[in-house]
Amino acid sequence: MAALKLFGRLNGKPVYLIKLANGDIEAEIISFGATLRALRVKGRDGEMHDVCLGYDSAEDYAKQDGYLGATVGRHANRIGGSRFELNGQEYSLSSNEGANQLHGGIEGFSHKLWSFNCSEYAVTFSLDSPDGDEGYPGNLHAEVSFSIESAKLRIEYKAVSDADTLVNMTNHAYFNLGGHESGKVYAHELCLGAEHYTPCGEGNIPTGEILPVDGTALDLRDFTRLGDRLDDAALALTEGFDHNFVLSSSPAAVLYCPKTGIEMKCSTSLEGMQLYSAGFLSGRVGKEGAVYGKHHAVCLETQHYPDAVNKQGFPSPVLRAGQKYNEWTEYEFAIR
Ligand code: GAL
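Here the structure is a predicted model, which is why all the values come from computation and not from measurement.

Cut-offs applied
- Residues numbered from 1 in each chain as written.
- Predicted model: local features only at pLDDT ≥ 70, side-chain atom pairs only at ≥ 80, totals over all residues.
- Heavy atoms only, no water.
- Near = heavy atom within 4 Å.
- Polar contact = N/O pair within 3.5 Å; in protein donor to acceptor, adjacent residues only side chain to side chain.
- Areas by Shrake-Rupley, 256 points an atom, 1.4 Å probe, with all protein chains shown as cover.
- 1 Å grid on protein atoms, 1.4 Å probe; cavity = no way out; pocket = protein on both sides within 12 Å on 5 of 7 lines; lining within 4 Å.
- Sits in = over half its atoms within 2 Å of the grid points.
- Nonpolar A, V, L, I, M, F, W, Y, C, P; charged D, E, K, R; others polar.
- Salt bridge = Lys/Arg side-chain N within 4 Å of Asp/Glu carboxyl O.
- Buried < 20%, exposed > 50% of the residue type's maximum accessible area, 1.4 Å probe, protein only.
- Pairing = 2+ DSSP bridges.
- Helix = DSSP H or I, 4+ residues; strand = E, 2+ residues; numbered from the N terminus.

Enquirer: Would you mind going over the site of the ligand in detail, with residue names and values included?
Expert: Every one of the 13 residues lining the ligand counts as a neighbour, but Arg-78, His-103, His-172, Asp-242 and Glu-301 are closest to it. Within the side chain of His-103, a nitrogen or oxygen atom sits 2.9 Å from an oxygen atom of the ligand. Protein coverage of the free-state accessible area of the ligand, which is 310 Å², stands at 92%. Placement of the ligand is best described as lying within the largest pocket. Classifying every residue of the shell around the ligand by side-chain character gives 5 nonpolar, 4 polar and 4 charged.

Enquirer: How would you explain the pattern of salt bridges if you had to name every residue and give the values?
Expert: Under the criterion given, the structure shown has 24 salt bridges. Residue Glu-28 pairs with Arg-37 through a salt bridge whose shortest N-O separation is 3.0 Å. Across this residue pair, the class does not change: Glu-28 and Arg-37 are buried.

Enquirer: With reference to specific residues and values, describe the sheet that holds strand β21 (residues 242–247).
Expert: In spatial order, the strands read β19-β18-β21-β24-β27; together these 5 strands make up an open sheet with antiparallel pairing. Every interior strand has two partners, whereas the edge strands, β19 (211–212) and β27 (299–303), have only one. Bridge count between β21 and strand β24 (residues 272–276): 5 bridges; the pairing is antiparallel. When the sheet's bridge partners are listed, Phe-245 is paired in β24 with Met-273.

As structure tokens, then:
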């Protein structure tokens, strides 16, 4: 059975920590935000390395704005002007990044207390998001399950609503395969299976175009040392990568750390991935006193494209009443 312990309390309510372990991989997930707090995998030295950034207290998670390890919803990434039209009706969402909505609003899924059920190698979290929550229509029942098998973590997302709505859930884990405390990821190598990306304008809102990565700083189709790209002038506005890629191969991405020998393959049912190289992370005190800063991690946020509801030609993030949302992402580890 998964191990369960009290992690802390928020507004008098218990926040639990669930640990899944099988000898090859150990995942710690807390019930606030259905948040991946730690992920330990074997390195070349035979030791377990915690490759996910996180915090030591429930209070740190309640006030965090970096979404470390959190389940993000109802709608991950940005919705321009915090508005959309559905079935001829205009919906106005809460704004939490200028005029736009980011990661589901002021109190999105990342900041809610989820209920859960555990089995030996899995935990399923559930949340009821009421009609009008952060502006979204429909009573939505959402579930996120984390399960382990061999050296693989699988995250599965399910949702159903009683009215047409938007759903776009992701996990916002910050990976550092050298260990969560090991600083900049410059020596990591990344290969991302995307021929195209969705360029953005002001506020990092997509223009609606889908452009080839060929000949740009976003071409990661071959293994690329992150240190050779993150300070590229073409990525200055976003302090490194903070871009949505149009996935075109499986696995979607492979990340490798030469120091520990740990390689992580990311596969998904989703069509997009926001690659975020933590350009806006600064001086945060994380687990065991580790200080997290700029470029100390990489997020591979599998998702529908940002602002897709407002962009013709982007795959739709609309979930129709009664229809079942079911998407998954897997992170599989190996040693090279
Ligand atoms: C990313 C987003 C970044 C930043 C980050 C959280 O998904 O694209 O711009 O907001 O989340 O700090």
